[in-house]
Amino acid sequence: MGGQLFKNFFISILEMLGLAVWVEIVTDFPRCTYYFGPFVNESEAEAAKIGYIEDLETEGSKGLTVVVKRCKPDSLTIYDDSLDFKFDRFPAFSGQTL
């Protein structure tokens, strides 16, 4: 129990300093970036990433790019809505004819 408590404390320190390791998965569909972690080292993250990949593929995600890296993500899921079809990009048409 004490070992896990120390590990959690250590990970918290690494995360605060931006030195924790994360698994970053970018998907083409849906257009998202996911962060999984934090981990103490790259080998822990490498071992865990397989489960994250399987989960996303099971949910229907396509075109996965996976990177294990040290970072400090601001958000765990980032959805890129810039490619979404928006009705407000087109002018409204009235019933008038020209």
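In this text, all values refer to a predicted model and were calculated from it rather than measured experimentally.

Student: Explain unusual backbone geometry here, please?
Tutor: Most peptide bonds are trans, and most residues other than glycine sit at a negative phi. Looking along the chain, the bond that leaves Phe 29 and enters Pro 30 is cis, with omega of -10°. Among the secondary structure elements, Pro 30 is positioned in the loop between strand S1 (21–27) and strand S2 (32–39). Backbone torsion omega between Gly 37 and Pro 38 reads 5°, so that peptide bond is classified as cis. Following the sequence through the fold, Pro 38 ends up in strand S2.

Student: I'm lost on the pattern of salt bridges in this one. Help?
Tutor: Taken as a whole and judged by the stated rule, the model has five salt bridges. Notably, a salt bridge pairs Glu 24 with Lys 69, separated by 3.1 Å at the nearest N-O pair. Remark: Lys 69 occurs in strand S3 (residues 65–70) and Glu 24 occurs in strand S1; sequence separation between them is 45 residues. One salt bridge in this structure joins Lys 49 and Glu 46, with 2.8 Å as the shortest N-O distance. Here Glu 46 and Lys 49 lie together in helix H2 (residues 42–58), a separation of three residues that amounts to about one turn.

Student: Just to check I follow, could you spell out the pairing of S1 for this structure?
Tutor: Every regular strand shows the same layout, with side chains that alternate between the two sheet faces. Where burial is concerned, most of S1 is hidden: six out of the seven residues are buried. Here S1 folds back onto S2, and the loop between the two strands holds four residues. Judged from the six bridges that link them, S1 and S3 form a sheet pairing that is antiparallel. Looking at S3, one finds that Trp 22 is bridged to Lys 69.

Student: It is not clear to me how a nonpolar patch on the surface should be interpreted in this structure. Could you clarify?
Tutor: A grouping of Phe 6, Phe 9 and Phe 10 is seen on the molecular surface, where their side chains present a nonpolar patch of about 340 Å² in accessible area. Here Phe 9 is to be found in helix H1 (residues 2–17).

Student: Help me understand the sheet that holds S3 in this model?
Tutor: The strands that make up a sheet pair up through hydrogen bonds in the backbone, lying either parallel or antiparallel. Read across the open sheet, the four strands follow the order S3-S1-S2-S4; overall the sheet is antiparallel. The strands lining the two open edges of the sheet, one partner per strand, are S3 and strand S4 (77–79). Taking the axes of each pair of neighbouring strands and ignoring which way they run, one obtains an average angle of 15° across the sheet. Taken together, the three bridges between S2 and S4 define a ladder with antiparallel strand orientation.

Reading the values: the criteria
Residues numbered from 1 in each chain as written. Predicted model: local features only at pLDDT ≥ 70, side-chain atom pairs only at ≥ 80, totals over all residues. Heavy atoms only, no water. Helix = DSSP H or I, 4+ residues; strand = E, 2+ residues; numbered from the N terminus. Salt bridge = Lys/Arg side-chain N within 4 Å of Asp/Glu carboxyl O. Buried < 20%, exposed > 50% of the residue type's maximum accessible area, 1.4 Å probe, protein only. Pairing = 2+ DSSP bridges. Patch = residues over 30% accessible without salt bridge, like charges linked within 9 Å, V, L, I, M, F, W, Y side chains within 5 Å. Areas by Shrake-Rupley, 256 points an atom, 1.4 Å probe, with all protein chains shown as cover. Axes fitted to C-alpha atoms, helices over the stretch in contact; angles between N-to-C directions.

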